[in-house]
Amino acid sequence: MLLYRSVALEAKVLLQNRTLTVSQVSDLLNFSDQSLFGKFFKANTGISPVEYRKKF
C-alpha cells in the first residue's frame, strides 16, 4: 500500500508540470498505457488525472 501512495504522490507532482502530457506522466511512471494509469490514479485519489490537473 505504501508503494501505491508513493506512486500516486509522484504522479501528483508530475501532473502539476504542465509541460508534460498525461500520457508522458503515465510513461514516466512505467504504466503500460494511459488508461491503466488513469484507473490507478482515480482509485488512489478519487479523481482522474485530468480533473486533478484542472484543480491546479
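Residues numbered from 1 in each chain as written. Predicted model: local features only at pLDDT ≥ 70, side-chain atom pairs only at ≥ 80, totals over all residues. Heavy atoms only, no water.

1. Topic: the overall build of the chain
Within the chain, the regular secondary structure consists of 4 helices and 0 strands. Against the 2.2 N^0.38 benchmark of 10 Å for 56 residues, the chain shows a C-alpha radius of gyration of 10 Å, consistent with a compact globule. Judged by the C-alpha coordinates and their principal axes, the chain covers about 30 × 20 × 15 Å. Taken across its 56 residues, the chain has 34% of its residues classed as buried. (Helix = DSSP H or I, 4+ residues; strand = E, 2+ residues; numbered from the N terminus. Rg over C-alpha atoms; globule rule 2.2 N^0.38 Å. Buried < 20%, exposed > 50% of the residue type's maximum accessible area, 1.4 Å probe, protein only.)

2. Section: helix α1 (residues 2–15)
Since the α-helix turns once every 3.6 residues, residues separated by three or four places project in the same direction. Here α1 is 14 residues long and its end C-alpha atoms lie 20 Å apart, about the 20 Å a rise of 1.5 Å per residue gives. The set of residues buried in α1 consists of A8, A11, L14 and L15. Angular distribution of buried residues about the axis of α1 spans 120°; they occupy a single face of the element. Opposite its buried face, α1 presents the exposed residues L2, R5 and L9, each directed more than 90 degrees away. Its buried side turned inward, α1 meets α2 (22–28), α3 (34–45) and α4 (49–55). (Expected span 1.5 Å × (residues − 1). Arc of directions from axis to C-beta. Contact = heavy atoms within 4.5 Å.)

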